[in-house]
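Chain by chain, the residues run as shown.
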Amino acid sequence: MHDDLFRPTISEQPPPGKPPWRPESIVYPAFFGGPLAAATLGLLNGRRLALPTTHLVAIGAAGVAGFGARIAVGALTDGNSALRLAGTVCGLLVWLVVLSLQRRPFRVATLRGREPARLIGPGFAAAIGCGLFEALVLAVLVR
Amino acid sequence: MNATLHQAQALLATGRPEQALTQLSLLPANEVTGSYAMQLRCAALSQLDRWPEVGDAARAALAANGPDPDLLLWLGRAEHEAGRDRTAERAFLDGLALAPDDVDLLCAYADLCAADGQLDKADRLVELAAARAPQAPVVYATRIQLAHARGDNRTAQRISQEFVGVHPDNPVAHALLGGTSAARGHVDAAYEGFRQAAAARPTEQVFAESAMELRVARHPLMRPLRPILRFGAIKTWLVAVALIIGLRAAGLPALGGLLGLLWLVYCVYSWVVPPLVRKWVMRSWR
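The model shown is predicted, which means the values in this text are computed figures rather than measured ones. (Residues numbered from 1 in each chain as written. Chains lettered and ligands numbered in written order. Predicted model: local features only at pLDDT ≥ 70, side-chain atom pairs only at ≥ 80, totals over all residues. Heavy atoms only, no water.)

Chemist: Explain the overall build of chain B here, please?
Modeler: Counting secondary structure elements, chain B contains 16 helices and 0 strands. By the compact-globule yardstick of 19 Å for 286 residues, chain B is too spread out, its C-alpha radius of gyration being 24 Å. Across its three principal axes, chain B shows a C-alpha extent of roughly 85 × 45 × 35 Å. Within the span of chain B, comprising 286 residues, buried residues form 45% of the whole. Contacts in chain B between residues far apart in sequence, at least 24 positions, make up 48% of those at least 6 positions apart. When the accessible surface of chain B is totalled, it reaches about 14200 Å², and 59% of it is carbon and sulfur. Separation of charge centres in chain B, based on 29 positive and 28 negative side chains, amounts to 12 Å. (Helix = DSSP H or I, 4+ residues; strand = E, 2+ residues; numbered from the N terminus. Rg over C-alpha atoms; globule rule 2.2 N^0.38 Å. Buried < 20%, exposed > 50% of the residue type's maximum accessible area, 1.4 Å probe, protein only. Contact = heavy atoms within 4.5 Å. Areas by Shrake-Rupley, 256 points an atom, 1.4 Å probe, with all protein chains shown as cover. Lys, Arg positive; Asp, Glu negative; His and termini not counted. Charge placed at Lys NZ, Arg CZ, Asp CG, Glu CD.)

Chemist: I keep staring at the overall build of chain A and nothing clicks. Help me out?
Modeler: Secondary structure assignment for chain A yields 5 helices and 0 strands. Starting at the N terminus and ending at the C terminus, chain A contains elements arranged as α-α-α-α-α. Here the C-alpha coordinates of chain A stretch approximately 65 × 30 × 20 Å along the principal axes. Looking at chain A as a whole, 40% of its 143 residues are labelled buried. By sequence separation, contacts in chain A at least 24 residues apart represent 81% of the contacts at least 6 residues apart. Split by element, the accessible area of chain A, about 7500 Å² in all, is 66% carbon and sulfur. Computed over 14 positive and 7 negative side-chain charges, the inter-centroid distance for chain A is 8 Å.

Chemist: When you look at the packing of helix H2 (residues 35-48) of chain A against helix H4 (residues 80-111) of chain A in this model, what are you seeing that I'm missing?
Modeler: In helix packing, the relevant descriptors are the interaxial angle and the interaxial distance, both defined with respect to the helix axes. All names here are of chain A. It is at 7 Å that the axes of H2 and H4 come closest, and there the two elements cross at 15°. Between H2 and H4, the crossing angle belongs to the class labelled roughly parallel. Here H2 runs over H4; the crossing is right-handed. Only Gly87, Cys90, Gly91, Val94, Trp95, Val98 and Gln102 of H4 make contact with H2, whose side of the interface consists of Pro35, Ala38, Ala39, Gly42, Asn45 and Gly46. Taken together, the residues of the contact of H2 with H4 break down into 7 nonpolar, 6 polar and no charged. (Axes fitted to C-alpha atoms, helices over the stretch in contact; angles between N-to-C directions. Parallel < 35°, antiparallel > 145°, perpendicular 65-115°, else oblique. Left-handed = near helix turned anticlockwise from the far one by under 90°. Nonpolar A, V, L, I, M, F, W, Y, C, P; charged D, E, K, R; others polar.)

Chemist: How should the confidence of the model for chain A be read in this particular structure?
Modeler: Detail in the predicted coordinates should be disregarded across regions flagged by low pLDDT. With 94% of its residues at a pLDDT of 70 or more, chain A shows a mean pLDDT of 88. The secondary structure element of chain A with the lowest average pLDDT is H4 of chain A, at 89, and the one with the highest is H2 of chain A, at 95. (pLDDT = per-residue confidence, 0-100.)

Chemist: Got a minute to help me understand the layout of surface pockets in this structure?
Modeler: Empty space among the atoms becomes apparent when a probe as large as a water molecule is rolled across them. Reported here for the second largest pocket is a volume of approximately 640 Å³. Looking at the second largest pocket, it is lined by 28 residues, and the ones nearest its centre are Phe31, Phe32, Arg84, Leu85 and Thr88 of chain A. Put simply, the parts of the chain that give the lining of the second largest pocket at least two residues each are helix H1 (27-33), H4 and helix H5 (120-141) of chain A together with helix H15 (226-249) and helix H16 (253-285) of chain B. Looking at the lining of the second largest pocket residue by residue, the class counts come to 14 nonpolar, 10 polar and 4 charged. (1 Å grid on protein atoms, 1.4 Å probe; cavity = no way out; pocket = protein on both sides within 12 Å on 5 of 7 lines; lining within 4 Å. Points joined across faces, edges and corners; volume = space filled by probe spheres on them.)

Chemist: What exactly am I supposed to notice about the UniProt feature "transmembrane region" (unreviewed entry) in chain A here?
Modeler: Residue and element names in this part refer to chain A. In this numbering, the UniProt entry assigns the feature "transmembrane region" (unreviewed entry) to residues 26-44, 56-76, 82-101 and 122-142. A distance of 11 Å separates the end C-alpha atoms of residues 26-44, which is 89% helix and 0% strand. A helix fraction of 100% and a strand fraction of 0% characterise residues 56-76, whose end C-alpha atoms lie 30 Å from each other. (UniProt positions renumbered as here; feature names shortened; annotations may be inferred.)

Chemist: Explain the interface of chain B and chain A to me, please; I cannot follow it from the model alone.
Modeler: How large an interface is tends to be reported as the accessible area lost when its parts come together. In this assembly, 37 residues from chain B lie in contact with 27 residues from chain A. For the chain B and chain A pair, buried surface summed over both sides reaches about 3100 Å², with 66% attributable to carbon and sulfur atoms. Of all residues in chain B, Arg86, Ile234 and Trp237 of chain B bury the most surface against chain A, accounting for 18% of the area lost on that side. Where chain B touches chain A, the interface holds 0 salt bridges. Broken down by element, the side of chain B that touches chain A gets its largest block of residues, 7 residues, from H15 of chain B. For the side of chain B that touches chain A, the class distribution of residues is 21 nonpolar, 6 polar and 10 charged. (Buried area = accessible area lost by both parts, 1.4 Å probe. Salt bridge = Lys/Arg side-chain N within 4 Å of Asp/Glu carboxyl O.)

Chemist: Explain the packing of helix H2 (residues 17-25) of chain B against helix H4 (residues 35-47) of chain B to me, please; I cannot follow it from the model alone.
Modeler: Residues and elements named next belong to chain B. Contact geometry for H2 and H4: axes closest at 9 Å, N-to-C directions at 150°. Viewed along their axes, H2 and H4 adopt a mutual orientation that is roughly antiparallel. Crossing hand, H2 versus H4: left-handed. Contacts from Pro17, Ala20, Leu21 and Leu24 in H2 reach Ala37, Leu40, Arg41, Ala44, Leu45 and Gln47 in H4. Within the contact of H2 with H4, the residues separate by chemical class into 8 nonpolar, 1 polar and 1 charged.

Chemist: Help me understand the nonpolar core in this model?
Modeler: In globular proteins that are soluble, nonpolar side chains generally tend to be buried together. If you look at the biggest cluster of nonpolar residues, it comprises 45 residues, and the most contacted ones within it are Ile26, Leu41, Leu92 and Trp95 of chain A together with Trp263 and Val277 of chain B. Mapped onto this core, the elements with two or more residues apiece are H1, H2, helix H3 (53-76), H4 and H5 of chain A together with helix H14 (205-217), H15 and H16 of chain B. The greatest single-element share of this core, amounting to 9 residues, is contributed by H4 of chain A. Ignoring anything within four residues of it in the chain, the contact list for tryptophan 263 of chain B reads Thr236, Trp237, Ala240 and Ile244 of chain B. Val108 of chain A together with Leu93, Leu96 and Ala136 of chain B belong to the second largest nonpolar core, which has 28 residues in total. (Core = buried A, V, L, I, M, F, W, Y, C linked by side-chain atoms within 4.5 Å.)

Chemist: Would you mind showing me how to read the packing of aromatic side chains here?
Modeler: Any two aromatic rings considered together are summarised by their centre-to-centre distance and by the angle between their planes. Going through the model one piece at a time under the given rule, you end up with 6 aromatic pairs over all chains. Seen in terms of ring centroids, tyrosine 28 of chain A and tryptophan 271 of chain B are 5.7 Å apart; in terms of plane orientation they differ by 80°. Their pairing is edge-to-face. Note that tyrosine 28 of chain A is positioned in helix H1 and tryptophan 271 of chain B in helix H16, a pairing that runs across two chains. A relative accessible area of 23% means that tyrosine 28 of chain A is categorised as partly exposed. For tryptophan 271 of chain B, a relative accessible area of 42% corresponds to the partly exposed category. (Phe/Tyr/Trp six-rings, centres within 6.5 Å; stacked < 30°, edge-to-face > 60°.)

This is the structure in structure tokens:
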């Protein structure tokens with residue numbers, strides 16, 4: 001009756017690599033750093049969680065789209081505050097994409113007894129690095 | 001069952017695995033490797049977190065007694081703990097071939113599948129177990145675990161409440177209600193859950209530690225952080241950002257700026273204060 005349930009389906013697990021970050025925590029670098037910071041951390045964490053390639057592509061595409069939207073805002077409005085705001089909003093939107101794709105794999109990883117890694121260092125690096133990069137590109141393209 | 005085994009079982013049920021092991025070592029040589037004595041031994045060793053020895057004991061018992069679903073359950077659990085998931089699966093499936101309705105085996109296999117990311121198969125296995133014994137503690141615990149793995153905190157908490165309602169004396173039920181309430185930011189309910197669990201089983205370190213963590217969360221200095229705990233960082237942030245943007249759009253940039261500054265201070269507070277309070281509370285306990 002339950003033949004298919006009682007068939008072995010467990011595959012050999014690859015040896016655990018680096019421990020993943022809590023996807024919820026990426027909100028902070030996303031807020032301060034913008035869409036590219038969120039996407040960069042999302043991609044790195046996605047590799048740690050061994051996400052399928054389509055999900056990784058989706059995160060990357062969301063990051064590019066978010067940055068594109070920010071450039072569009074910069075081209076259409078003047079004044080720095082709208083541009084800064086667009087960075088925050090797009091960053092949070094990209095982070096929502098990351099969260100929706102990573103929450104479940106992260107919880108499964110913790111079921112397997114893996115402790116999350118600390119995001120403080122990489123988070124600051126991504127927020128500052130990507131934030132500066134975005135500012136630079138925007139300065140060259142729009143201003 | 002003889003008196004020694006009874007006593008060992010009673011010791012285990014009250015969370016005193018070391019004494020249970022001593023009791024089991026008093027058994028005569030011909031009974032020491034009996035299936036039930038070895039199961040108690042495995043249970044005691046698992047409570048002490050000595051999983052490699054659980055595996056050794058289960059293997060020795062299987063060699064002495066032949067295939068036995070309960071021993072295969074212990075072997076599978078020990079292999080799962082050791083990270084040898086395929087061997088664990090084989091042990092569970094061998095056990096299920098002998099006893100397809102065994103609720104413990106079904107739930108243990110569901111746990112294994114969930115840890116492998118096969119949540120749908122895990123759900124079907126636990127449904128099968130729930131059809132056999134809908135109110136068994138292990139069925140509740142596994143359903144809660146699966147709901148948590150799906151990211152469904154609300155369902156996890158609902159099942160925990162059901163679990164406590166049906167088994168009000170079960171410390172694990174209270175601990176799970178504590179954990180799932182904490183995940184939803186219900187600090188007081190979470191503390192109550194772990195407090196009751198720790199009171200019912202004072203030897204379990206984890207319950208006491210969690211109760212402790214929640215004592216920290218209930219500290220007066222942590223009160224301002226309740227919104228984050230209750231609604232989650234995500235919703236709190238979105239509301240704050242929406243308010244700041246809204247004020248600017250409404251032509252009140254000064255007010256928006258002030259709110260932004262307050263929000264920044266609040267964020268810093270939420271990063272700095274919790275570790276300090278934790279240190280404080282811990283010191284006053286020692």
